[in-house]
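# Fold and contact review
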Amino acid sequence: MRKSKTFYNVFISILVLSIGLVVGFGSYIYMSTTRSVAERVGESRQSLITQIRNTLEQKIQTIEYAFYTYSTTKSFHEVINSPLTERDFEAYRELNTQLNYIATMGLEGVQYSLISLKQNWRISNGSLSQLSSEDREELYEQYIDKASRGLYWVKTDDGIRFVHTLPVSSKDKQAVALSDISLQTLNHTLQTKPDTSVYILNKEGELLYAAETASEMLSPQQLRLISEQAESGTQTGKATIEGRAGSSIMALYAKSDYNNWTYVTLLDQKEVSKALAATRYGLIIMGIVITLLMVMLAYVLSVYLTRPFRKIQSSLAMSPEPMLRDEVDWIIRSIDSIVSEKESLEHLIELEKPKLETQFVLNLLQNRLTREEAEKGLERFGYPVTDSTLFVTMLIQLDSYGEGQPPSKDVLLLAVNNLVQEIVPELGRMLPVVLNERTQATVLLFEKEDASDLRKQILQHAKRIIRSAREYLSTSVSIGISVPYEDALRSREACEMSLEALYQRLNLGKESIIFYEDISTGISGPILLHYPTELEARLFDSIRLGDEQEVARSLYPLLADMMKHSLNPMNLEVTLIRFVNNLIQLEQLIGVEVLLTPSNANLYHRLLDTRNPEEIERMLVHEVIYPMVRSVKEKTNQQFRSIADKIAAIIRSEYDQELSLEAISERLHYSPNYLSSIFRKEYGTTFSEYLMHYRLEIAKKWLVDTDMTVKDMAEKLCYQNSQNFIRSFRKKEHVTPGAYRKMKLER
């Protein structure tokens, strides 16, 4: 089965991790074993070099002690001071016997020599020889003059030599005892293994002996470093020095307290490697076996771990079709798409949140929510409501619209709503809303422990709102405030309380702040009706006459009287109903329609629902009474125009007949004076002037178009004589009829 990219990623990761762990664990075991073996080999070499030190030191001490003891005997002084020759056989034999005895006490194969500097003879390996002056000077120079001690060891080409100048306690040296230990004797005595490096350094760090079997020879500088580290360290220990090609060499040393010699051997890496051979093979086999197990384990784990990815991919795709091999990339893209859609939805919800919150508050104020819906909404929109929270509903209505017209009322309400949002802290309220076309509503939030200070806080907010509306909106508002309540579902009841409080604005005036608890005791009781009948009669007479100035003088005292005597809001409602109904009856009597027109179908209800004194006054004046006055005036004007037009029509059709206002009044059934005033009002001139003007216009036409004489014209136009006609024509045209005709014809 073809595996996915995720499978191989997991498989390779687990496999690499497993192999890394195996390699790391194996390396740790190998390094730990290497350190352990190296320490064990080092301990073995340390024991070896200590044993070598002890063995050689014991032999050297024996030689030194034997010579020292012999040098103190009387026979030694006698023989040294004797001129020994071949004839002094007894003395020679005794001296040779002493040297052989010393040889039996020390190392085998050591050559002993005794030299008399005073008598110039030398015994070496049993043979007696005489010294020349050159030999004597050379011995003095080599062993006495340059030597700072009377007993010391030096390195020779064939080994090491013990030098003992005699007598020990005297500065005047008479003899020299030499003990030569060859390399062969040292190698045999030390019994070192093949390829074992053994070095003996004197106190100054100079090389006295190096085993012939040493696999690597150290330089004098390296030996000096070892001697310095041994000098500053313990009697036995390790010293690390730098070898060739930057490698390090581990040297094990043992220092002698007797003669300050340092015995050194090197830690052989081949021996360590040989000891680790079995361990190394075991670790390799174990690593291979564990790696194979890890491969199988990685395969099983990869199959198990990638199974959820396949399930997620299938679930996201909702299709049995095979998916992309890289299911993680496909899942990430799918999740990114889902997250993107989620963010888009969240953004959309965030954009719609103010609308949803507004609808929630409106539903709460109108009691359209269940308790569960209310609780979820309060939590959803983040309102800090607890068991100790108190609610207060605050309603705001406009007293006036400033310089705006009634259609701007909605804009003003929205502006007031924005003012409330800015003035009242967000934590102390729900979202302010416009409740209807007249009212803005806000539910305030308080804690029970702040109940004593509640009224003061509300007053501060209300005053700031009224002041801001006046300063920024150029309008006045009044505020009604309910009693505090603990259940949010009582918001509708609290809203009605605030409305009842706002009714009292009719008595208190504009920019009122009214608490329901202050007026709740005075809103009940019998309704005492008062109606200003006389003021109403004066107003209605002014309306009938169409006199706007008189209407203004009669209307405002009437409204003031209504407000003054309406101590109870119900009184004003009854008074307004009666007044509006009387206006409707007046409309029917005078034949005009204002309140009863289709366009003003809701004006009656709006007028009765309004509780704003200024709004009531504005609606009565500008939407009812003044339109009625204008309708009466328009109707009267139309009637006057009709009568005047009839008189003018009679003049235009009967100008060549005898006409008088009295005759026309009889025909139209009006008095002459009434017709005279109407005609003068509509045409701006009197009846007789209009008649004369029209007849002269006809005469001017006849003078141009006909050959009629002036006399005939005067007679036809009903003038008593031609002179009256000529006089009238000249008065109007400033020329006589004949001159007018001549002037027109010449053109």
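The name an unreviewed UniProt entry gives the protein is Helix-turn-helix domain-containing protein, with Paenibacillus woosongensis as the organism.

### Some details on the overall build of the protein
Across its full length, the protein carries 25 helices and 16 strands. Burial statistics for the protein: of 747 residues in total, 43% are counted as buried. Across the protein, the fraction of contacts at a sequence separation of at least 24, relative to all contacts at a separation of at least 6, is 61%. Carbon and sulfur atoms make up 53% of the accessible area of the protein, which totals about 41,800 Å².

### Looking at the sheet that holds strand β13 (residues 433-434)
Strand order in the open sheet formed by five strands is β13-β14-β12-β15-β16, with mixed pairing between adjacent strands. In the strand order of this sheet, the two ends are held by β13 and β16 (513-515), each with one partner. Bridge count for β13 against strand β14 (residues 439-447) is two bridges, and the pairing is antiparallel. Paired with V434 across the bridge in β14 is Q440.

### Describing a nonpolar patch on the surface
Taken together, the side chains of Y281, I284, I288 and L292 define a hydrophobic patch exposed on the protein surface, amounting to about 440 Å² of accessible area. Structurally, I288 is set in helix α7 (residues 269-317).

### Quick look at the pattern of salt bridges
Under the definition given, this model contains 15 salt bridges. A salt bridge links R490 to E493; its shortest N-O distance comes to 3.4 Å. R490 sits in the partly exposed class, given a relative accessible area of 33%. The class for E493 is partly exposed, based on a relative accessible area of 39%. Here R553 and E550 are joined by a salt bridge, their closest N and O atoms 2.7 Å apart. Of this pair, R553 and E550 both sit in helix α16 (residues 548-564), three residues apart, which is roughly one turn of the helix. The exposure class of R553 is partly exposed, given its relative accessible area of 48%. Salt bridges linked by common partners bring E697, K700, K732 and E733 together as one network.

### Quick word on the UniProt feature "transmembrane region" (unreviewed entry) in the protein
Using the residue numbers shown here, the UniProt feature "transmembrane region" (unreviewed entry) corresponds to residues 7-31 and 281-305. A helix fraction of 100% and a strand fraction of 0% characterise residues 7-31, whose end C-alpha atoms lie 35 Å from each other. Secondary structure content for residues 281-305 is 100% helix and 0% strand, while the C-alpha to C-alpha distance between its ends is 35 Å.

### Points about helix α12 (residues 491-503)
With 13 residues, α12 extends 19 Å between its outermost C-alpha atoms, agreeing within 8% with the 18 Å of an ideal straight helix rising 1.5 Å per residue. Residues of α12 that are buried: S491, A494, C495, M497, S498, A501 and L502. All buried residues of α12 fall inside an arc of 155 degrees around its axis, so they share one side.

### A look at the packing of helix α20 (residues 661-668) against helix α21 (residues 672-683)
Packing of α20 against α21 leaves a shortest axis separation of 9 Å and a crossing angle of 100 degrees. Compared by their axis directions, α20 and α21 come out roughly perpendicular. Two secondary-structure elements touch here, α20 through L661, E662, I664, S665 and L668 and α21 through P672, L675 and S676. Each residue belonging to the contact of α20 with α21 can be placed in one class, and the counts come to five nonpolar, two polar and one charged.

### Here we look at the sheet that holds strand β8 (residues 207-210)
Strand order in this open sheet of five strands is β8-β7-β11-β10-β9, and the pairing throughout is antiparallel. Only two strands of the sheet have a single partner each, and these edge strands are β8 and β9 (236-242). Mean inter-strand twist for the sheet, computed between neighbouring axes without regard to direction, equals 25 degrees. As paired strands, strand β7 (residues 198-201) and strand β11 (residues 262-266) are joined by four bridges and run antiparallel to one another. When the sheet's bridge partners are listed, V198 is paired in β11 with T265. Contacts between helix α5 (residues 183-190) and the sheet are confined to β7 and β8, with β8 contributing the most and set at about 65 degrees to the helix. Contacting β7, β8, β9, β10 (248-255) and β11, helix α6 (residues 220-232) crosses the sheet at an angle of about 145 degrees to β9.

### Digging into the nonpolar core
If you look at the biggest cluster of nonpolar residues, it comprises 38 residues, and the most contacted ones within it are L114 and W261. Those residues in contact with W261 that sit more than four places away from it in its chain are L56, I60, W153, I160, I200, L201, N202, K203, L208, A254, K255 and S256. Counting 27 residues, the second largest nonpolar core, distinct from the first, contains L535, L539, F540 and V629.

Conventions adopted
- Per chain, residue numbering runs from 1 following the sequence as it is written.
- pLDDT decides what is reported in this predicted model: residues at 70 or higher carry local features, side-chain atom pairs at 80 or more are listed and counted, and totals for whole chains, interfaces and linings draw on all residues regardless.
- Remark: hydrogens and water are excluded; side-chain values derive from all non-hydrogen atoms of the structure.
- Numbered from the N terminus, helices here are DSSP runs of H or I no shorter than four residues, and strands are runs of E no shorter than two.
- Type-normalised accessible area, obtained with a 1.4 Å probe on protein chains alone, sets the label of each residue: buried when under 20%, exposed when over 50%, and partly exposed for intermediate values.
- Should any heavy atoms of two residues lie within 4.5 Å, those residues are considered in contact.
- Methods summary: accessible areas were calculated by the Shrake-Rupley approach with a probe of 1.4 Å, and residue burial reflects only the protein chains presented.
- At least two bridges found by DSSP between two strands is the condition for calling them paired.
- For patch building, the residue pool is restricted to those with more than 30% relative accessible area and no salt bridge; the joining distance is 9 Å between like charges and 5 Å between nonpolar side chains (Val, Leu, Ile, Met, Phe, Trp, Tyr).
- Counted as salt bridges are all cases of a side-chain nitrogen of Lys or Arg within 4 Å of a carboxyl oxygen of Asp or Glu.
- UniProt positions are given in the numbering used here, feature names are shortened, and annotations may be inferred rather than shown by experiment.
- Each residue after the first adds 1.5 Å to the expected span of a helix.
- What the arc describes is the spread of directions from the helix axis to the C-beta atoms.
- A fitted line through C-alpha atoms represents every axis, and for helices the fit uses only the stretch in contact; the resulting angles, taken between N-to-C directions, go from 0 to 180 degrees.
- Roughly parallel covers angles under 35 degrees, roughly antiparallel covers those over 145, roughly perpendicular covers 65 to 115, and oblique covers all other angles.
- Residue polarity follows a fixed list, in which Ala, Val, Leu, Ile, Met, Phe, Trp, Tyr, Cys and Pro are nonpolar, Asp, Glu, Lys and Arg are charged, and the others, Gly among them, are polar.
- Take the buried Ala, Val, Leu, Ile, Met, Phe, Trp, Tyr and Cys residues and link them wherever side-chain atoms come within 4.5 Å; each set so joined is a nonpolar core.

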